[in-house]
Amino acid sequence: MQDYIFSNESYHGNDAIVYTCGHEECAPGHSYGPIARSGYLIHYVLRGKGIYRAHRKTYPIGEGDAFLIVPGELIYYEADRDDPWVYTWIGFQGIKIRDYLSRTTLLEHPVFRYDRDDRIRICHDKMYLASRFRTNTDMAMNSVLYEYLFLLAEKFPQTRISPEKRRNACVRETLEYMELHYENDISIQQIADRLYVSRTYLHRIFKETTGRSLKEHLIDIRMKRACRYLSQTDFPVSAIARSVGYEDPLYFSKLFRQKKGIPPTEYREQRSAPV
């Protein structure tokens, strides 16, 4: 019997979003699969027992256990015939979910226990309450999801990270940081300190990975934003300069001309001229 179930299919393109959650008291021998799912799901067993099959292995599951389902993998699970399980589940999808889970050991060990960490277990209860909100349901559920993913990363941390993964993560976080903070006075040393790496190392791996220096990439981000302001607003050039990280509008105009071949005012005139 299903006590509740929530389903949402509008998750494509999001970093992370809950697309399903629910609670079920299973009948004896109730099974699901074999099947491959399109999203990630974690089932948490409140009581009873059953089995879970994945990676060509069969795992006995009991009260307090949880198991992870990964997209595209053939899985099967079945409730015990004498003591069928009662479980709750959270399903999530998004372009950053794989990255978040790679910070844990769950991709390698899909069966795990919350043990006495009630904070993780309570997330399942919070998710149920959030799914019942009449307004801003998606925001409420996603706030629980990020808390849930954070707690999983804290309790089951991935300590064996290959140099290549560490390097890629460093470059990715640098790109994300510059996209979010381009309007601030960003330095390579500041980013390196934030990532706990040396300035020289960060400069080298970024150039090797992207083919450009951090400074060049940051300038490109700022110029793209400046072009958008120039073509879509009537903000003064001095205000646009400050909005993309340059306190000196003359320096901004000089740099803009170097990159675009024309000064900001002319760029604006060309973009606003009638066709």
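First things first, this report covers the structure right here in the doc.

Rules and cut-offs
Residues numbered from 1 in each chain as written. Predicted model: local features only at pLDDT ≥ 70, side-chain atom pairs only at ≥ 80, totals over all residues. Heavy atoms only, no water. Pairing = 2+ DSSP bridges. Helix = DSSP H or I, 4+ residues; strand = E, 2+ residues; numbered from the N terminus. Axes fitted to C-alpha atoms, helices over the stretch in contact; angles between N-to-C directions. Buried < 20%, exposed > 50% of the residue type's maximum accessible area, 1.4 Å probe, protein only. Salt bridge = Lys/Arg side-chain N within 4 Å of Asp/Glu carboxyl O. Phe/Tyr/Trp six-rings, centres within 6.5 Å; stacked < 30°, edge-to-face > 60°. Lys NZ or Arg CZ within 6 Å of the ring centre and 35° of its normal. Patch = residues over 30% accessible without salt bridge, like charges linked within 9 Å, V, L, I, M, F, W, Y side chains within 5 Å. Areas by Shrake-Rupley, 256 points an atom, 1.4 Å probe, with all protein chains shown as cover. Parallel < 35°, antiparallel > 145°, perpendicular 65-115°, else oblique. Contact = heavy atoms within 4.5 Å. Nonpolar A, V, L, I, M, F, W, Y, C, P; charged D, E, K, R; others polar. Expected span 1.5 Å × (residues − 1). Arc of directions from axis to C-beta.

Side note on the sheet that holds strand β3 (residues 31-36)
With respect to topology, four strands assemble into an open sheet ordered β3-β8-β5-β6, the strand pairing being antiparallel. The sheet is open, and its two borders are formed by β3 and β6 (57-61), each paired with just one other strand. When the angles between neighbouring strand axes are averaged without regard to direction, this sheet yields 10°.

Notes on the pairing of strand β9 (residues 86-93)
Buried residues dominate β9, accounting for eight of its eight residues. The alternating pattern of β9 places Val 86, Thr 88, Ile 90 and Phe 92 on one face and Tyr 87, Trp 89, Gly 91 and Gln 93 on the opposite face, and all of these are buried. Summarising the sheet, strand β2 (residues 17-25) and β9 pair through eight bridges and their orientation is antiparallel. Looking at β9, one finds that Val 18 is bridged to Phe 92. Both strand β4 (residues 40-47) and β9 contribute to a ladder of seven bridges, which runs antiparallel. Paired with Tyr 44 across the two strands is Thr 88, which belongs to β9.

Some points on the pattern of salt bridges
Counted under the stated rule, the structure contains 13 salt bridges. A salt bridge links Arg 225 to Glu 179; the shortest N-O distance between them is 2.6 Å. Linking Arg 225 in helix α7 (residues 214-232) with Glu 179 in helix α4 (residues 163-181), this pair joins segments that are 46 residues apart in sequence. Between Arg 204 and Glu 208 there is a salt bridge, and its shortest N-O distance comes to 3.7 Å.

A word on the packing of aromatic side chains
Any pair of aromatic rings gets described here by the distance separating the centres and the angle formed by the planes. The tally for this structure, following the rule as stated, stands at 19 aromatic pairs. Considering the side-chain rings of Phe 67 and Trp 85, the 5.8 Å spacing of their centres and the 25° angle between planes classify their relative orientation as stacked. In this pair, Phe 67 is assigned in strand β7 (residues 65-69) and Trp 85 in the loop between β8 (74-79) and β9, connecting sequence segments 18 residues apart. With relative accessibility at 0%, the residue Phe 67 sits in the buried group. Among the aromatic residues, ring-to-ring pairing joins Tyr 32, Tyr 52, Tyr 59, Phe 67, Tyr 77, Trp 85, Tyr 87 and Trp 89 into one connected group. In this structure, Arg 222 packs its charged tip against the face of Tyr 246, placed 4.9 Å from the ring centre.

Topic: a nonpolar patch on the surface
Together, Tyr 128, Leu 129 and Phe 133 make up an exposed nonpolar region whose accessible area comes to about 300 Å². Relative to the helices and strands, Tyr 128 is located in helix α2 (residues 118-131). The partly exposed category is assigned to Tyr 128, whose relative accessible area is 33%.

Comments concerning the packing of helix α5 (residues 188-195) against helix α6 (residues 199-210)
Across the interface, α5 lies against α6 with an axial gap of 9 Å and an inter-helix angle of 100°. What the angle tells us is that α5 and α6 run roughly perpendicular. In this structure, α5 uses Ile 188, Gln 189, Ile 191, Ala 192 and Leu 195 to contact α6, whose residues at the interface are Arg 199, Leu 202 and His 203. Its residues assigned to classes, the contact of α5 with α6 shows five nonpolar, two polar and one charged.

Some words on α6
With 12 residues, α6 should reach 16 Å at 1.5 Å per residue; the first-to-last C-alpha distance of 16 Å fits that figure. All of the buried residues along α6 are Leu 202, Ile 205 and Phe 206. Considered in projection along α6, the buried side chains sweep an arc of 100° and stay on one side of the axis. Along its buried surface, α6 packs onto α4, α5 and α7. Within two residues after α6, Gly 211 carries a phi angle of roughly 85°, on the positive side.

Read these as layout, nothing more, since geometry by itself doesn't imply function.
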